[in-house]
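Architecture and fold: a report
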Amino acid sequence: MTNIERTMKAPRSAWWQRCPRWAAWATMLWAVLYAGFGLVCALSGTSLLHHGGGSWAFGLGWVAMAVGVLVTLVSAAVVRYGPRPALRVLLWVACGLAVITAFSLLMDVITLMVGQGVESRASTANKALAAAGAALLAATARSDRRSAGTAAGASSAASRRIQLASWAGTLAFVPYAAMKLVWASGGTFAGITGEEMLAVSERNGASGIFLTLESWGLDPTALLAALGVFLLWGLVRPWGQVFPRWTLFLRGRRVPRWLPLAPALLGAATLAPYGMVGVGYLALASAGALTMRRGDFHSPGDALLVGWIGMAAFAVYGIALTIAARSYWLRTRPTLLARAERGLARFRGDQDEAPKTASAPKPAAANCLPPWARRRQLHHVGGERSRAELCPSPDATSRLNMFS
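To keep things clear, this report deals only with the structure shown in the data block. Numbering of residues starts from 1 in each chain and follows the order in which that chain's sequence is written. Only residues with pLDDT of 70 or above have their local features reported here, since the model is predicted, and side-chain atom pairs are shown and tallied only from 80 upward, although totals for entire chains, interfaces and linings are computed over all residues. Neither water nor hydrogens contribute to the side-chain values; these are computed over all heavy atoms in the structure.

**Topic: the overall build of the chain**
- When you go through the chain residue by residue, the secondary structure sums to 17 helices and two strands.
- Counting across all 404 residues of the chain, residues that qualify as buried make up 39%.
- A separation of at least 24 residues holds for 74% of the contacts in the chain among residues at least 6 apart in sequence.
- Surface summary for the chain: the accessible area is close to 23200 Å², and the carbon and sulfur share equals 66%. Segments assigned H or I by DSSP are reported as helices when at least four residues long, segments assigned E as strands when at least two residues long, and all are numbered from the N terminus. Per-residue accessibility, obtained with a 1.4 Å probe over protein chains only, is compared with the maximum for each type, and a residue is labelled buried under 20%, exposed over 50%, and partly exposed between these values. Should any heavy atoms of two residues lie within 4.5 Å, those residues are counted as being in contact. Only the protein chains shown count as cover for residues, with accessible areas throughout obtained via the Shrake-Rupley method and a probe of 1.4 Å.

This is the structure we're talking about:
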């Protein structure tokens, strides 16, 4: 067995690729549930927006019901006729709408994790259903396509540029974490003390766990930022593909692709646009084009300072997470392994055919050709052949022996 073969194993496909009809059935059930959810919200007059919105916002329930009915029909067609190209286009369009609807779901999850309640339960439920639907729609659109295979051993780090982007995303959270820790330790920043910030958290409905951590000098959002940095570096370092030694019983095993990619894609789709929109708003407020509300702070200038620290961290980290997630996706995709396997098979076939080609009788006219033309003719006769095989040298022979 060669070194390349040791880093490969038999091709393994995901469940939606092994059973494409299951994915279509699951998507159909989700679509029926989503259509029912939209119908209930429309009949009860419940708004699906985060802050309620105007009178037109109460009609979004009918839009959700229409999308659910459309996806139900498309999924039924996939079950009956298979994922044809036209159906795939409709599935991807619905998937894009679901991703847009699920925007800021991560913010609601973080709010619930720190013990605070969400402003609109219907809006959060709509985002959660949309996120689940986006995953099912993507699985159905990619169903009936065989996977190329998975890696079994070798892991790789991202390029230097990708790691520089990760450093930028890490350093962007340093001022944010420092600001939060100053408040948690009882200090004063932007004109507001730690006691005042704790009172604001209590007024907003913070849980006992949140308040306990604050009393210990630990801000939960700073801890979540540390977890985000850990995820960011896991996407660009080899230990994000193979569990390292300090993971005890998991060490040496392959990290499932979805484990880092799922939170990375969710975080990138939320934090990057959220931060960039926030930075744009703060830029207009700094230029005087918009009025900055002071909120819980003593002056609009203090609110602007805190806003710049938070939104800049979200924007830079979100962009860095997007770059790192794309790098991880490309470095772990099974297609590259299939190409390597095909290249190895082609190389072995060329080695087997090389003696036959060398001993084959040549036309008389070929002997009159110059050496470079003879090499080109041999290349066309023998198929795809490397330069080392046509003009063997001691170095080339030693390189070829590495694969045997």
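**Looking at the nonpolar core**
- Side-chain atoms within 4.5 Å are what join buried Ala, Val, Leu, Ile, Met, Phe, Trp, Tyr and Cys residues into a set we call a nonpolar core. Core analysis: the largest hydrophobic core is formed by 41 residues, its most contacted members being Phe173, Tyr176, Trp183, Leu235, Phe297 and Leu321.
- A total of 13 residues in this core trace back to one element, the largest contributor, which is helix H13 (residues 300–332).
- Among residues more than four places away in sequence, those in contact with Trp183 are Phe189, Ile192, Thr193, Gly194, Met197, Phe297 and Val306.
- One finds Trp30, Val79, Leu129 and Leu136 within the second-largest nonpolar core, a separate group that totals 26 residues.

**Quick notes on helix H12 (residues 258–286)**
- In this model H12 runs 41 Å from its N-terminal to its C-terminal C-alpha over 29 residues, within 8% of the 42 Å that 1.5 Å per residue would give.
- Taken residue by residue, H12 has Pro260, Leu261, Ala264, Gly267, Ala268, Thr270, Leu271, Ala272, Gly275, Gly278, Leu282 and Ala285 as its buried positions.
- Two residues or fewer after H12 comes Gly288, characterised by a positive phi angle close to 85°. What a helix should span is 1.5 Å times the count of its residues minus one.

**A short note on the packing of aromatic side chains**
- Stacked, tilted and edge-to-face are the three classes assigned to paired rings of Phe, Tyr and Trp, where Trp is represented by its six-membered ring and a pair needs centres within 6.5 Å; plane angles under 30 degrees give stacked, over 60 edge-to-face, the rest tilted. As enumerated under the stated definition, the model contains 13 aromatic pairs in all.
- Between Tyr176 and Phe314 the ring centres are 5.7 Å apart and the planes differ by 55°, which places this aromatic pair in the tilted class. You can see Tyr176 sitting in helix H8 (residues 160–184) and its partner Phe314 sitting in helix H13, a full 138 residues away along the chain. Here Tyr176 and Phe314 have matching classes, each one buried.
- The rings of Phe173, Tyr176, Tyr274, Phe314 and Tyr317 are connected pair by pair, giving a single aromatic cluster.
- In this scheme, Lys NZ or Arg CZ marks a charge over a ring once it lies within 6 Å of the ring centre and within 35 degrees of the ring normal. The side chain of Arg257 reaches across the aromatic face of Trp329, ending 4.9 Å from its centre.

**Remarks on the packing of H12 against H13**
- In contact at an axis separation of 6 Å, H12 and H13 are set at 145° when each is read in the N-to-C sense. The way H12 lies across H13 gives a crossing that is left-handed.
- Each residue is assigned to one class: nonpolar for Ala, Val, Leu, Ile, Met, Phe, Trp, Tyr, Cys and Pro, charged for Asp, Glu, Lys and Arg, and polar for all the others, Gly among them. Taken together, the residues of the contact of H12 with H13 break down into 25 nonpolar, seven polar and no charged. Axis geometry follows a simple rule: fit a line to the C-alpha atoms, using only the stretch in contact for helices, then measure angles between N-to-C directions, giving values from 0 to 180 degrees. By definition, any crossing whose near helix is turned counterclockwise from its far helix by less than a right angle is left-handed, and any crossing with a clockwise turn is right-handed.

**Some thoughts on the pattern of salt bridges**
- By salt bridge we mean one thing: a side-chain nitrogen of Lys or Arg within 4 Å of a carboxyl oxygen of Asp or Glu. Taken as a whole, this structure holds one salt bridge when the rule is applied.
- Note that Asp296 is salt-bridged to Arg203, the shortest N-O span being 3.4 Å. Highlighted residues: Asp296 in the loop between H12 and H13 and Arg203 in helix H9 (residues 194–203), separated in sequence by 93 residues.
- Here Arg203 falls in the exposed class, since its relative accessible area comes to 54%.

**A closer look at the environment of Arg254**
- Structurally, the position occupied by Arg254 is in the loop between helix H11 (220–236) and H12.
- The exposure class assigned to Arg254 is partly exposed, which follows from its relative accessible area of 26%.

**Here's the deal with a nonpolar patch on the surface**
- Residues Val89, Val93, Leu97 and Ile100 make up a contiguous nonpolar surface patch of roughly 390 Å² in combined accessible area.
- Residue placement: Val89 occurs in helix H5 (residues 85–101).
- We classify Val89 as exposed; its relative accessible area is 51%. In this analysis, a patch consists of residues with relative accessible area above 30% that form no salt bridge, clustered at 9 Å for like charges and at 5 Å for the nonpolar side chains Val, Leu, Ile, Met, Phe, Trp and Tyr.

**Digging into the side chain of Thr332**
- One can find Thr332 in helix H13.
- On the basis of relative accessibility, which here comes to 13%, the residue Thr332 falls in the buried class.
- Apart from residues lying up to four places away in sequence, Thr332 is in contact with Gln241 and Arg257.

**Here we look at the packing of H8 against H13**
- At a closest axis distance of 8 Å, the pairing of H8 and H13 adopts a crossing angle of 150°. Judged by the angle between their axes, H8 and H13 are roughly antiparallel. In the packing of H8 onto H13, the handedness of the crossing is left-handed. In contact with Ile162, Ala165, Ser166, Ala168, Gly169, Ala172, Phe173, Pro175, Tyr176, Met179 and Trp183 of H8, H13 contributes Val306, Ile309, Gly310, Ala312, Ala313, Phe314, Val316, Tyr317, Ala320, Ile323, Ala324 and Ser327.
- The class makeup of the residues in the contact of H8 with H13 is 19 nonpolar, four polar and no charged. In this scheme, roughly parallel covers angles under 35 degrees and roughly antiparallel covers those over 145, while 65 to 115 is roughly perpendicular and the rest are oblique.

**A word on unusual backbone geometry**
- In this structure, Ala190 takes a positive phi of about 55° despite not being glycine.
- Checked against the element boundaries, Ala190 lands in the loop between strand E1 (188–189) and strand E2 (192–193).
- Residue Ala190 is classed as buried on the basis of its relative accessible area, which comes to 12%.
- Located in the positive-phi region is Leu248, a residue other than glycine, with phi close to 60°.

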